[in-house]
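Per-entry structural report
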Amino acid sequence: MAAIEQIATLHKGQTLPLQRDVDVISIPFGKTITLPEDSVVSVMQAKGSSVSVGYEGRLYLIEGSNLDALGLEPLPRPTLPEDATEEQIEQFVWDQLRTCFDPEIPVNIVDLGLVYGCRIERLISGERIVTIRMTLTAPGCGMGDVIAADARNKILGAPQISRVHTEIVFDPPWSREMMSDEAKLELGMF
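Note that the structure is a prediction, hence the values are computed from the model and not measured.

Examining the sheet that holds strand 2 (residues 22-27)
With respect to topology, 6 strands assemble into an open sheet ordered 1-4-5-6-2-3, the strand pairing being antiparallel. Looking at which strands have only one partner, the edges of the open sheet turn out to be strand 1 (15-17) and strand 3 (32-35). Ignoring which end each strand starts from, the neighbouring axes of this sheet average 45 degrees apart. Pairing between strand 4 (residues 40-47) and strand 5 (residues 50-55): 5 bridges, direction antiparallel. Bridge pairing in strand 5 places V43 opposite V53.

Right under this line is the structure:
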């Protein structure tokens, strides 16, 4: 069974012992820490290519490449061939953004309407820098650092991309009208 299909079999509240020490992203701080082997975690959300888990009253994000810590098949780090075109690089960035979820909302950040823009600049040195302009569902939402760290880690899988900068803005303010029809349907907002 493919790893994405395995993620879909997880359900909220399911408890699993960690099979090994694993680096996770702390929610809402976006810092990487290590949870020890044999820790029992509780699944909070399993969407896209990552799983949000609870451990000792805190939330963490386990990325797809570390799913073996949950006893699942790990996902390979997303990447591109060395000779990828500019269009393929841009498509790769958008595809990776569509695998990023607010740990509390089961809709990806693109369909949720949080990504306002993405710019890829090529420097004279040949390096590419990706700048993502995004917002949060509310100015007080603490998930920005987590979402930015998840996006950055996934996009940096492409050897053509040297840096990812995430700019969080609140103008224009986010509203439910920014969501795709699929997102509204998923959240029951039609």
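Here we look at unusual backbone geometry
Here the bond from I27 into P28 is cis, since omega is 10 degrees, no more than 30 degrees from zero. Within the secondary structure layout, P28 lies in the loop between strand 2 and strand 3. The omega angle of the peptide bond from D171 to P172 is 5 degrees, so this bond is cis rather than trans. Within the secondary structure layout, P172 lies in the loop between strand 9 (161-168) and helix 4 (181-186). Positive phi, normally seen in glycine, also occurs at D38, with a value near 75 degrees. Examined against the element boundaries, D38 turns out to sit in the loop between strand 3 and strand 4. By relative accessible area, D38 is classed as exposed at 57%. Not every positive phi belongs to a glycine, and E56 is a case in point at roughly 50 degrees.

Topic: the pattern of salt bridges
Counted under the stated rule, the structure contains 6 salt bridges. Among the ionic pairs, R128 bridges to E86, the shortest N-O distance being 2.5 Å. Of this pair, R128 sits in strand 8 (residues 128-134) while E86 sits in helix 2 (residues 86-97); the two residues are 42 residues apart in sequence, bridging distant segments of the chain. Classification of R128 by relative accessible area gives buried; the value is 6%. Note that K154 is salt-bridged to D150, the shortest N-O span being 3.3 Å. One end of the pair, K154, and the other, D150, are both in helix 3 (residues 144-155), 4 residues apart, so they sit about a helical turn from each other. Take K154: its relative accessible area is 6%, and that puts it in the buried class. D150 sits in the buried class, given a relative accessible area of 1%.

Considerations on the state of the cysteines
What the rule picks out here adds up to 0 disulfides. Unpaired in terms of disulfides, C100 finds its nearest cysteine sulfur in C118, a separation of 11 Å.

Brief notes about the sheet that holds strand 7 (residues 115-122)
Spatial ordering of the open sheet is given by 7-8-9, a layout of 3 strands whose pairing is mixed. At either margin of the open sheet sits one strand with a lone partner, and together these are strand 7 and strand 9. Each strand axis lies, on average, 15 degrees off the axis of its neighbour in the sheet, ignoring direction. Relative to strand 8, strand 7 runs antiparallel, the two being bridged by 7 bridges. Bridging from a neighbouring strand, I120 pairs with V130 of strand 8. Helix 2 rests against strand 7, strand 8 and strand 9 of the sheet, and its axis sits at about 145 degrees to strand 7. Contacting strand 8 and strand 9, helix 3 crosses the sheet at an angle of about 160 degrees to strand 9.

The rules we used
Within each chain, residues carry numbers counting from 1 in the order of the written sequence. In keeping with the model being predicted, local features are shown solely for residues with a pLDDT of at least 70 and side-chain atom pairs are shown and tallied solely at 80 or more, while totals for entire chains, interfaces and linings include all residues. No hydrogens and no water enter the side-chain calculation; it runs on all heavy atoms of the structure. Strand pairing is assigned whenever DSSP identifies at least 2 bridges connecting the two strands. Note on conventions: DSSP H or I runs of at least 4 residues are helices, E runs of at least 2 residues are strands, and numbering of each starts at the N terminus. Here an angle of 0 to 180 degrees is reported between the N-to-C directions of two axes, which are lines fitted to C-alpha atoms, with helices fitted over the stretch in contact. Categorising residues by exposure relies on relative accessible area from a 1.4 Å probe, with only protein chains included: less than 20% of the type maximum marks a residue as buried, more than 50% marks it as exposed, and the intermediate range marks it as partly exposed. Each salt bridge in this description consists of a side-chain nitrogen of Lys or Arg and a carboxyl oxygen of Asp or Glu lying within 4 Å of one another. Criterion for a disulfide: a pair of cysteine sulfur atoms at a distance within 2.5 Å. Only heavy atoms matter for contacts: two residues are in contact if any of them lie within 4.5 Å across the pair.

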